[in-house]
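# Breakdown of the fold
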Amino acid sequence: MPALDPGRTALVLVDLMERIVALPLAPRSGTDVLAASARLADTFRDAGAPVVHLRVERPNVENQPPGSELVPDLVGDGEPVVVKRTIGGFQDTGLHELLSGLGATTLVFGGIATNLGVESTARAAGDLGYDLVFAEDAMAALTADEHRASVDLDFPRLGTVAPVAAITLDGPR
């Protein structure tokens, strides 16, 4: 996979919240997804490329369930956190405007769950004209079959699927 342009690429990490990372996931644990996502985020930070975090809140409830915050130490200084109230990250969140303002034309995705929050957000991103890259080992789902369906069948039609180690950026922005 060719190196990505840090001036036109953003990392989008979906729903890496304590209660979601703690779920029984496949084909890898939430802890493994978190570690791979953190390595990828460091790659982006080192290149001066933006890292954007999404987290879900249940609509129309006074208090969110325990563990609804992003995992501690995941968000770097000044990195945006976008709150969504649907499965995907674009509906009524300002995410598109944020990414456009950052100059992003390519989005790299990681997060949980592969077939839900990640795929829904990625499909909308594709509809908006973004080029898409999927960090396969920085994602998991509730079952291995659900993860594989997205990674093997859907994502290759939307963009490029690659391991974290293959995703590089050209250098400082």
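The following paragraphs examine the structure supplied in this document. Keep in mind that this is a model prediction, so the values were computed, not measured. (Residues numbered from 1 in each chain as written. Predicted model: local features only at pLDDT ≥ 70, side-chain atom pairs only at ≥ 80, totals over all residues. Heavy atoms only, no water.)

Let us look at the pattern of salt bridges. What the rule picks out here adds up to nine salt bridges. Linking E57 and R55 is a salt bridge whose minimum nitrogen-to-oxygen distance equals 2.8 Å. Accessibility expressed as a relative area gives 15% for E57, which makes it buried. Between E57 and R85 there is a salt bridge; the shortest N-O distance is 3.0 Å. Highlighted residues: E57 in the loop between strand 2 (51-56) and strand 3 (81-84) and R85 in the loop between strand 3 and helix 3 (95-101), separated in sequence by 28 residues. Judged by relative accessible area, which is 47%, R85 ranks as partly exposed. Ionic contacts of the salt-bridge type, sharing partners, join the residues D42, R45 and E79 into one network. (Salt bridge = Lys/Arg side-chain N within 4 Å of Asp/Glu carboxyl O. Buried < 20%, exposed > 50% of the residue type's maximum accessible area, 1.4 Å probe, protein only. Helix = DSSP H or I, 4+ residues; strand = E, 2+ residues; numbered from the N terminus.)

Glancing now at the side chain of S68. Counting through the fold element by element, S68 comes out in the loop between strand 2 and strand 3. Within the structure, the side chain of S68 is placed 3.0 Å from the side chain of R19, a separation counted as a polar contact. A polar atom in the side chain of S68 sits 2.6 Å from the backbone oxygen of P65. The contacts of S68, once residues within four sequence positions are left out, are M17, R19 and R55. (Polar contact = N/O pair within 3.5 Å; in protein donor to acceptor, adjacent residues only side chain to side chain. Contact = heavy atoms within 4.5 Å.)

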